[in-house]
Amino acid sequence: YTPVPLESPINTSDQNQAFISPQPFPTFVPILKILPPPSSADVATVGGRLMRDLAGGSEPMAHTKILLARVIRSEDGTPIVATADEKTSPMALTDENGLFIFTDIAPDTYGIAIVTPIGLFMIRNEVGKDFLFTVQAGMVLDLGEIHTNLPY
């Protein structure tokens with residue numbers, strides 16, 4: 001693989017959506033190098049690379065619609081479930097290399113939901129629980145490679 005110069009992958013026409021240009025992306029370059037800074041100290045930028053695990057290895061989940069899912073907590077603050085809504089949740093579309101970027105994200109704890117023809121599916125961690133992460137104001141958060149075995 002021969003790396004190519006990176007150009008800005010962000011379409012800033014809509015603050016809740018991030019469409020990544022179809023630019024080839026060298027896997028050895030952290031996505032953090034292309035994540036834009038937050039537009040203000042009150043919000044954050046989150047990005048990563050969505051990968052599908054297969055029997056022979058893994059491949060990028062190209063052109064996949066994903067949502068940030070808000071976490072519902074119990075009275076003691078323990079995360080119970082992450083929920084997403086296609087009409088109101090922040091949305092991103094992965095590029096051909098599985099890269100995604102969310103911009104202007106409010107501080108909170110989130111999960112990632114994949115939109116499929118049969119519904120929304122939450123990304124799970126290696127022990128089978130919802131993959132959750134906390135976003136703080138002013139943060140640029142590189143989630144790295146996120147793996148799933150979903151067939152979509």
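The rules behind these values
- Residues numbered from 1 in each chain as written.
- Predicted model: local features only at pLDDT ≥ 70, side-chain atom pairs only at ≥ 80, totals over all residues.
- Heavy atoms only, no water.
- Helix = DSSP H or I, 4+ residues; strand = E, 2+ residues; numbered from the N terminus.
- Buried < 20%, exposed > 50% of the residue type's maximum accessible area, 1.4 Å probe, protein only.
- Contact = heavy atoms within 4.5 Å.
- Pairing = 2+ DSSP bridges.
- Core = buried A, V, L, I, M, F, W, Y, C linked by side-chain atoms within 4.5 Å.
- pLDDT = per-residue confidence, 0-100.
- Patch = residues over 30% accessible without salt bridge, like charges linked within 9 Å, V, L, I, M, F, W, Y side chains within 5 Å.
- Areas by Shrake-Rupley, 256 points an atom, 1.4 Å probe, with all protein chains shown as cover.
- Salt bridge = Lys/Arg side-chain N within 4 Å of Asp/Glu carboxyl O.

**Focus: the overall build of the protein**
Now for step 1: Helix and strand counts for the protein come out as zero helices and eleven strands.
Now for step 2: Scanning the protein from its N terminus toward the C terminus, one meets helices and strands in the order β-β-β-β-β-β-β-β-β-β-β.
Now for step 3: The 152 residues of the protein split such that 42% are buried.
Now for step 4: Long-range contacts, defined as pairs at least 24 residues apart, comprise 66% of the intrachain contacts of the protein with a sequence gap of at least 6.

**Examining the pairing of strand E5 (residues 79-83)**
Now for step 1: Sheet topology places strand E4 (residues 65-73) next to E5; four bridges connect them, and they run antiparallel. Bridge pairing in E5 links Ile72 to Val81.
Now for step 2: What sits between the antiparallel neighbours E4 and E5 is a turn of five residues, in which Gly77 has the positive phi angle 95 degrees.

**What to know about the nonpolar core**
Nonpolar side chains tend toward joint burial in soluble globular proteins.
Now for step 1: Counting 20 residues, the largest nonpolar core has Phe100, Ile112 and Phe133 as its most contacted members.
Now for step 2: Beyond its immediate sequence surroundings of up to four residues, Phe133 is in contact with Val46, Leu68, Asp108, Thr109, Tyr110, Gly111, Ile112, Leu141 and Leu143.
Now for step 3: In terms of nonpolar packing, the next biggest core, distinct from the first, is built from eight residues, Val71, Met91, Ala113 and Val115 among them.

**What about the confidence of the model for the protein?**
Now for step 1: Averaged over the protein, the pLDDT score is 79; the fraction of residues at 70 or greater is 77%.
Now for step 2: Predicted confidence in the protein is weakest over strand E1 (residues 17-19), with a mean pLDDT of 37, and strongest over strand E6 (residues 91-93), with 95.

**Description of a nonpolar patch on the surface**
Now for step 1: A contiguous nonpolar surface patch, about 260 Å² in accessible area, is contributed by Ile72, Ile80 and Val81.
Now for step 2: Within the secondary structure layout, Ile72 lies in strand E4.
Now for step 3: By relative accessible area, Ile72 is classed as partly exposed at 42%.

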